[in-house]
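# Observations on chain architecture
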Amino acid sequence: MSVPISFRYFERLLALLILGLTTATAGAAPAPPVACGQAVPGYIYQPNDAGTPGTDATVAALIRTPAGEVYIGGQFNFIDEQAASFVARWDGTRWTALGAGLNGLVRAMALDGQGRLYVGGNFTRAGEVAASKVACWDGAAWHALGPGLAGVVWALTTDRQGQVYAGGQFEGVGGQPAPNVARWDGTTWQALGAGLNSTVYALAADSRDHLYAGGQFSLSGEQPLNRLARWDGTAWHALGAGANNTVYALALDARERLVAAGQFARAGEVTANYVARWDGTAWAALGTGLNNTAYALALTGQGEVYAGGEFTAAGGAPASRVAYWNGTAWQPLGKGLSSPAGALAAAGSGQVIAGGDFFQAGGTPLLHLAQWTGAAWGPIGAAVAVPAPLPAPTPPAETRTPRPVAPLKRANASTQRPGEQ
């Protein structure tokens, strides 16, 4: 039986997470001394096309700092021919590794107010530190967060107090029940009430330190919560009638309205195709939405909404895997991407960085990572265009066969390039 396309991107990432579980170090001691060292490489690198910018495998998470630095995470071991195990940093000029990196897939990233980077996914070591599924980089060294989590981390966020929230697929922390969502207060992990009864794929925190969660869940204890919920520090609350299918991404705009994206067709009582906004009282659609699943969101202070995923149309017009909502209508970003976008970060008005499975952006060879400058797609660090009106809808991306890229090879695994069908 064929697999619906709306599941394919997340199924590929889930397969990588499961494969990582079979190769993770067994019985790693929790919270050893904080020190950096050589990580165990998880993949055998095969050179990509000479000079083609990007990574040797999927970029699954990315985040941009106010200073313009960019952190990326995923399943890669190289970025622009620079060795970097599953995580890397762009300093405005070049890519660098974060110490010895990690030994498994990175799926989520968050920054705190001190500029420390938190990463989550399916790994057991960060540098030479045993770190179960979540770790912190302080700019010089990797640190474990206590015993970490037993399972898979799909989402991370921080609040104004510097507390870290993790969501994913896990049953507890430190021997205590904490179904699928937990908080690190700097010393210990804590449950959030009765937790949530299924996978959490997205988290976001507002200025009141209220936590929003999205995913596959339907309950907290016996309280109905249809795939969307808010934690106020004491209890979980429903967001209206929630969504009628999985939520994969959440983001807050400058007015702290929540935007959700995923696989749903309804939010609350309204038709909202794969993307919707919550104003604190009710859900609203963003135009006619998208024509397929969205996995990623990025918002700017100007109210711009970027969405990335499997879709090929937005607002009824062609838009290949990435699109832009200007407040009244959807717009494509040039010819878009050749395969799904799974991570986005705003890079200023009219600009966005995309990561995912793709090997072309705007018809140009760019492997798994690209930046829209306001007028064209290019590698990170490409010259930024003077902001101009976004182009009118264009036909779908060209259908000619691109120059082949050497596949990533791993023992006992398929050599199919991510994004190929």
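For the structure itself, consult the block above.
Everything in this summary refers to the structure shown in the same document. This is a predicted model, so every value here is computed, not measured. (Residues numbered from 1 in each chain as written. Predicted model: local features only at pLDDT ≥ 70, side-chain atom pairs only at ≥ 80, totals over all residues. Heavy atoms only, no water.)

### Brief notes about the overall build of the chain
Within the chain one finds one helix and 42 strands. A burial count over the chain gives 55% of its 421 residues as buried. Residue pairs in contact within the chain that sit at least 24 positions apart in sequence constitute 43% of those at least 6 positions apart. Working note: accessible area of the chain is about 16,500 Å², and carbon and sulfur atoms make up 51% of it. (Helix = DSSP H or I, 4+ residues; strand = E, 2+ residues; numbered from the N terminus. Buried < 20%, exposed > 50% of the residue type's maximum accessible area, 1.4 Å probe, protein only. Contact = heavy atoms within 4.5 Å. Areas by Shrake-Rupley, 256 points an atom, 1.4 Å probe, with all protein chains shown as cover.)

### Observations regarding the pairing of strand β38 (residues 352–356)
Taking burial as the measure, the five residues of β38 include five buried ones, the bulk of the element. As paired strands, strand β37 (residues 341–346) and β38 are joined by five bridges and run antiparallel to one another. By the bridge assignment for β38, Leu-344 is matched with Ala-354. Between the antiparallel neighbours β37 and β38 lie five residues, among them Gly-348 with a positive phi of about 115 degrees. Here β38 runs beside strand β41 (residues 369–372); their pairing, made up of four bridges, is antiparallel. From the neighbouring strand, Ile-353 faces β41, where its bridge partner is Gln-371. (Pairing = 2+ DSSP bridges.)

### Considerations on the sheet that holds strand β42 (residues 377–378)
The strand order β37-β38-β41-β42 describes an open sheet built from four strands, whose pairing is antiparallel. Each having just a single partner strand, β37 and β42 make up the two edges of the open sheet.

### A word on the sheet that holds strand β26 (residues 258–262)
Spatially, β25-β26-β29-β30 is the arrangement adopted by the four strands of the open sheet, whose pairing is antiparallel. Two strands lie at the open edges of the sheet, namely β25 (247–252) and β30 (283–285), each paired on one side alone. Between one strand and the next, the sheet's axes are offset by a mean angle of 25 degrees, whatever the strand orientation. (Axes fitted to C-alpha atoms, helices over the stretch in contact; angles between N-to-C directions.)

### Let's talk about the environment of Ala-155
Turning to its location among the elements, Ala-155 is positioned in strand β13 (residues 151–158). On the basis of relative accessible area, Ala-155 is assigned to the buried category, the value being 5%. Through-space distance from the C-alpha of Ala-155 to that of Val-200 is 7.2 Å; in sequence the pair is 45 residues apart. What Ala-155 contacts, discounting residues up to four positions off in sequence, is Ala-108, Tyr-165, Ala-166, Gly-167, Tyr-201, Ala-202 and Leu-203.

### Regarding unusual backbone geometry
In the Ramachandran plot, Glu-256 falls in the positive-phi region, its phi being about 60 degrees despite a non-glycine side chain. Structurally, Glu-256 is set in the loop between β25 and β26. A positive phi is found at Tyr-274, a non-glycine position, where the angle reads about 75 degrees. Structurally, Tyr-274 can be placed in the loop between β28 (270–271) and β29 (275–278).

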